[in-house]
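Each chain, written out:
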Amino acid sequence: MAHSTPGPPDCELILPCLDEGPALRELLPRVPRGLGVIVVDNGSRDDTAAVARSHGAKVVTEPRRGYGAAVHAGLEAATAPYVVVMDGDGSLDPGEIVPLLARVRFGEADLALGRRVPVRRGIWPWHARLGNALVLALLRRRLGVRVRDIGPLRAARRESLLGLEVADRGMGYPVELLDRAAQAGWRIVEQDVRYLPRAAGTRSKVSGSVRGTVRAARDFWRVLA
């Protein structure tokens, strides 16, 4: 009896990465089967690209530094109808992707966000939580967007995301995305996901220091000005 050849995945996981080699070693083997993986190397000086290739991921090089630049490069490289964007630092469990994606696949939402719930104290520094809360308060006041996190894990249709024409190429990208999605009348849902300690040997470019958080907050406020 002939066996059918599996077709291309209908969803690709985009991982924007800067020096995340140690995290990818642990994260990539845990990605649910059936998902394509795109690692966007945003100027890493470690073995991020080599680790990604060794686990079968597609590697895209984006020389322009910035979270938004990396995410956009991943969206352009993807070909599947659905995409999931997730931080590649090991702080999120790839196993949380499937139920989040299902909410978009089955028509419950246009954008599904993972709301970080720390597994223990000290994982999410106070300055990062404060910046997150202030930006979301402004979004609620401005557009009535009632979410509790800016969404480092999110699922949507690829063409729909590109159609929003998010312009920010820095840390303001997720805030502009929420702003544009709300203005477009998207159905936005949120569900809790575990927020884990970052992989050993990596450092957050945002929450790892007050300076990084201030820089991100500056980008957040700029896109909402």
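Residues numbered from 1 in each chain as written. Predicted model: local features only at pLDDT ≥ 70, side-chain atom pairs only at ≥ 80, totals over all residues. Heavy atoms only, no water.

*Asks:* I would appreciate a short explanation of the nonpolar core in the present structure.
*Replies:* Within soluble globular proteins, side chains that are nonpolar tend to cluster in buried spots. Core analysis: the biggest nonpolar cluster contains 34 residues, and L15, L24, L28, V39, V84, M86 and L153 have the highest contact counts within it. Every element with two or more residues in this core is listed here: β1 (11-17), α1 (21-27), β2 (36-41), α2 (48-54), β4 (82-86), α4 (97-105), β6 (153-157) and β7 (188-195). Setting aside anything within four residues of it in sequence, one finds L28 in contact with L15, V37, V51, A52 and H55. Counting 31 residues, the second-largest nonpolar core is a separate cluster that includes V60, A78, V135 and Y173. (Core = buried A, V, L, I, M, F, W, Y, C linked by side-chain atoms within 4.5 Å. Buried < 20%, exposed > 50% of the residue type's maximum accessible area, 1.4 Å probe, protein only. Helix = DSSP H or I, 4+ residues; strand = E, 2+ residues; numbered from the N terminus. Contact = heavy atoms within 4.5 Å.)

*Asks:* Is there a simple way to think about the packing of aromatic side chains in this case?
*Replies:* The geometry of two aromatic rings is summed up by the distance between their centres and the angle between their planes. Evaluated as defined, the whole model comprises one aromatic pair. The positively charged end of R116 is found above the aromatic ring belonging to Y195, 5.2 Å away from the centroid. (Phe/Tyr/Trp six-rings, centres within 6.5 Å; stacked < 30°, edge-to-face > 60°. Lys NZ or Arg CZ within 6 Å of the ring centre and 35° of its normal.)

*Asks:* How do you make sense of the pattern of salt bridges when you look at a structure like this?
*Replies:* One side chain can pair with another of opposite charge once the charged atoms of both are near each other. Evaluation of the coordinates by the stated rule reveals 14 salt bridges. The partner of E62 in a salt bridge is R64, and the shortest N-O contact between them spans 3.1 Å. R148 is the salt-bridge partner of E190, the closest N and O atoms lying 3.3 Å from each other. Of this pair, E190 sits in strand β7 while R148 sits in the loop between α5 (126-143) and β6; the two residues are 42 residues apart in sequence, bridging distant segments of the chain. (Salt bridge = Lys/Arg side-chain N within 4 Å of Asp/Glu carboxyl O.)

*Asks:* What is the right way to look at the environment of R142 in this model?
*Replies:* Topologically, R142 is positioned in helix α5. Each C-alpha atom of the pair R142 and D179 lies 9.0 Å from the other, and the pair is 37 residues apart in sequence.

*Asks:* Can you walk me through the sheet that holds β2 in this structure?
*Replies:* Strand order in the open sheet formed by seven strands is β3-β2-β1-β4-β6-β5-β7, and the pairing between neighbours is mixed. For this open sheet the edge positions go to β3 (58-61) and β7, each flanked by a neighbour on one side alone. The mean angle between the axes of side-by-side strands here comes to 20°, regardless of whether they run parallel or antiparallel. Bridge analysis of β2 against β3 gives four bridges, and the strand direction is parallel. Considered in β3, the bridge of D41 is made with T61. Along the sheet, α4 contacts β1, β4, β5 (111-118), β6 and β7; its crossing angle with β6, the most-contacted strand, is approximately 30°. (Pairing = 2+ DSSP bridges. Axes fitted to C-alpha atoms, helices over the stretch in contact; angles between N-to-C directions.)

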